[in-house]
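Fold and geometry: a report
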Amino acid sequence: MPAALTGRYVAVVGPADTATAEQLSAATEVGRLLAEAGATVLTGGLGGVMRAAAAGAREAGGTAIGLLPGTDRADGSPEHAFLLPTGLGELRNGLLLRAADAVVAVGCSWGTLSEIALARRTGVPLVLVDPWDLPADVGPTAPDAAAAVATATRLLAG
């Protein structure tokens, strides 16, 4: 039986520098579960939640692609199978969201908040784990990684 998310690209977004240990653990699990379900994991290519999600995908034999804000691949985390320098700075968040079929946000920061807003604005399915206090209509909140991936899968199924 094919994996539930085969051929899908799911962005995992979250804080680079301020992620908690719990958020890093959740992001690693999200990356692992997404890869096991057949998804390609997209991130912003840097540390924190992005690195953790890429590590989880890699551990499960999946692929993680990082869209870097700068122009140097060496700035990205090595857990990603592919690092794509964009030279766009924070504007790469828009590129990341437009390339994704769904988004899982783990934790929050100002950059993450922009990605959450872009997902909402453009209609990309969004699931949140441990978000800031946001309006109720932002999207479903999941209590853990497994629930987040299950919710993303349901949202993509229609």
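Refer to the structure presented above.
Let us look at the structure shown here. (Residues numbered from 1 in each chain as written. Predicted model: local features only at pLDDT ≥ 70, side-chain atom pairs only at ≥ 80, totals over all residues. Heavy atoms only, no water.)

What to know about the pairing of strand 2 (residues 40-43)
A two-sided burial pattern is seen for strand 2, the buried positions comprising T40 and L42 on one face and V41 and T43 on the other. Bridge count for strand 1 (residues 9-13) against strand 2 is three bridges, and the pairing is parallel. Bridge pairing in strand 2 links Y9 to T40. Crossover handedness for the path strand 1 to helix 1 (residues 21-36) to strand 2: right-handed. Relative to strand 3 (residues 64-68), strand 2 is paired through three bridges, and the arrangement is parallel. Across the sheet, the residue bridging to V41 is A64, located in strand 3. (Buried < 20%, exposed > 50% of the residue type's maximum accessible area, 1.4 Å probe, protein only. Helix = DSSP H or I, 4+ residues; strand = E, 2+ residues; numbered from the N terminus. Pairing = 2+ DSSP bridges. Right-handed = clockwise from strand over helix to strand, strands pointing away.)

Some words on the layout of surface pockets
Space inside the largest pocket adds up to approximately 200 Å³. Lining the largest pocket are 14 residues; nearest its centre among them are A16, M50, E90, R92 and G111. Considering every element that reaches the lining of the largest pocket, the biggest residue donor is helix 4 (residues 110-122), with three residues. When its residues are assigned to classes, the lining of the largest pocket shows five nonpolar, five polar and four charged. (1 Å grid on protein atoms, 1.4 Å probe; cavity = no way out; pocket = protein on both sides within 12 Å on 5 of 7 lines; lining within 4 Å. Points joined across faces, edges and corners; volume = space filled by probe spheres on them. Nonpolar A, V, L, I, M, F, W, Y, C, P; charged D, E, K, R; others polar.)

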